[in-house]
Structures are given as structure tokens and as C-alpha cells.
Amino acid sequence: MKYFTTIISALILLAGCVDRRVTDFQTALDTLLGQPTMSRYDYIVIIPQEGCDGCITFAEDFYNSYGNEPGMLFVFTNIISEKKLGKRVKLTESSVVDKGGVLIEAYKGNGLLYPCVVTLDKGKVKKVGYESPDEDSLMELELIIQSRQDENE
């Protein structure tokens with residue numbers, strides 16, 4: 001009986017360890033994009049228009065450099081001014097504007113509005129990382145992109 005109680009306790013602890021960011025972003029991205037769209041991508045980069053200025057500028061520069069990279073979708077959210085956004089980035093087929101602010105719900109309780117990189121596997125969110133003073137998710141993604149480009153040369 002003691003063995004059974006230990007196993008049940010371990011399972012309860014493991015269930016509680018699910019990354020809240022993963023579930024929050026899965027729900028929001030399902031609502032905004034839907035599974036058929038999400039399953040076409042390996043990464044979704046979410047760039048809020050308002051939040052950490054330096055981090056957002058870095059993310060916009062990243063988009064301007066890698067906006068047409070295969071397997072990636074860029075979502076602009078928390079839009080204050082579409083006109084201002086249009087001056088900073090040129091939207092392409094690999095970008096979506098979250099006009100309704102659906103993704104802002106995923107940020108609640110997960111920290112400030114930093115750009116983030118969502119790693120997908122067959123349309124399911126596997127990892128969420130931020131471009132912030134504490135994390136370098138865009139730099140990590142850039143290394144992956146460069147590695148892919150080197151393999152294709």
C-alpha cells in the first residue's frame with residue numbers, strides 16, 4: 001500500500017509540473033490560428049508592439065532578417081498602431097497580425113510583454129521561450145536557422 005501511495009503522489013506532482021506557458025500559448029494559438037495552420041510550422045515568433053522596447057526592436061530586426069525563413073510564422077500582437085508597425089516591418093505571407101489581442105491572454109501570469117519563440121511539433125506547443133534580459137530565445141533560434149542554412153549549402 002505504501003508503494004501505491006508513493007506512485008500516486010509522484011504522478012500528482014508530475015501533473016502539476018506542466019509548464020503553464022505551454023498550455024496558455026497552446027490555447028491562444030489554437031484560437032488565433034487553428035491546428036491546420038500551426039502544423040505547418042516549427043516555430044512561431046510572437047512580437048508584441050508594446051512592452052520591453054529594446055527586446056521588441058531586436059525582435060523586429062530579427063523579423064526583417066528572417067521573415068521569409070521556411071517553417072517559421074511571425075505573429076504581431078498587442079498592436080497599438082498598425083501604421084507605426086507598418087513603418088517598422090514589412091508584413092509578408094509568413095506574418096499574422098493579432099488584431100483582436102488573442103495572444104495577450106497567454107502572457108497574463110507569464111511575465112511582461114517580451115517577444116517569444118514558440119517551438120512546435122506537429123502543431124503542438126513544446127516549448128515557450130522569451131527574448132528578455134533573462135532569456136535569449138531569438139539568439140538560440142538564429143543559431144538553428146544558420147545551422148539549417150549551412151546544411152543546405
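Every value quoted in this text rests on a predicted model; they were computed, and no experiment measured them.

As for the pairing of strand E5 (residues 124-130)
Inference 1: Here strand E4 (residues 116-121) runs beside E5; their pairing, made up of six bridges, is antiparallel. Within E5, the position partnered with Thr-119 by the bridge is Lys-127.
Inference 2: The hairpin formed by E4 and E5 contains two residues between the paired strands, and Lys-122 there has a positive phi angle of roughly 55°.

A closer look at the sheet that holds strand E1 (residues 43-48)
Inference 1: Taken together, five strands build an open sheet; the order of strands is E3-E2-E1-E4-E5 and the sheet is mixed. Pairing within the sheet leaves two strands with one partner each, and these edge strands are strand E3 (95-97) and E5. Put simply, the sheet's adjacent strands are angled 20° from each other on average, direction ignored.

Looking at the side chain of Ser-95
Inference 1: Within the secondary structure layout, Ser-95 lies in strand E3.
Inference 2: Here Ser-95 falls in the buried class, since its relative accessible area comes to 13%.
Inference 3: Reaching out from Ser-95, the side chain makes a polar contact with the backbone oxygen of Thr-92 at a distance of 2.8 Å.
Inference 4: Non-local contacts of Ser-95, meaning those with residues more than four positions away in its chain, are made with Tyr-63, Leu-73, Phe-74 and Phe-76.

Concerning the pattern of salt bridges
When the charged atoms of two side chains with opposite charge come close together, those side chains can pair.
Inference 1: Per the counting criterion, the structure on display carries three salt bridges.
Inference 2: Across the pair Arg-148 and Asp-42 runs a salt bridge, and its minimum N-O distance is 3.2 Å. Of this pair, Arg-148 sits in helix H7 (residues 137-152) while Asp-42 sits in the loop between helix H3 (35-38) and E1, and the two are 106 residues apart along the sequence.
Inference 3: For Asp-42, a relative accessible area of 33% translates into the label partly exposed.

Calculation criteria
Residues numbered from 1 in each chain as written. Predicted model: local features only at pLDDT ≥ 70, side-chain atom pairs only at ≥ 80, totals over all residues. Heavy atoms only, no water. Pairing = 2+ DSSP bridges. Helix = DSSP H or I, 4+ residues; strand = E, 2+ residues; numbered from the N terminus. Axes fitted to C-alpha atoms, helices over the stretch in contact; angles between N-to-C directions. Buried < 20%, exposed > 50% of the residue type's maximum accessible area, 1.4 Å probe, protein only. Polar contact = N/O pair within 3.5 Å; in protein donor to acceptor, adjacent residues only side chain to side chain. Contact = heavy atoms within 4.5 Å. Salt bridge = Lys/Arg side-chain N within 4 Å of Asp/Glu carboxyl O.

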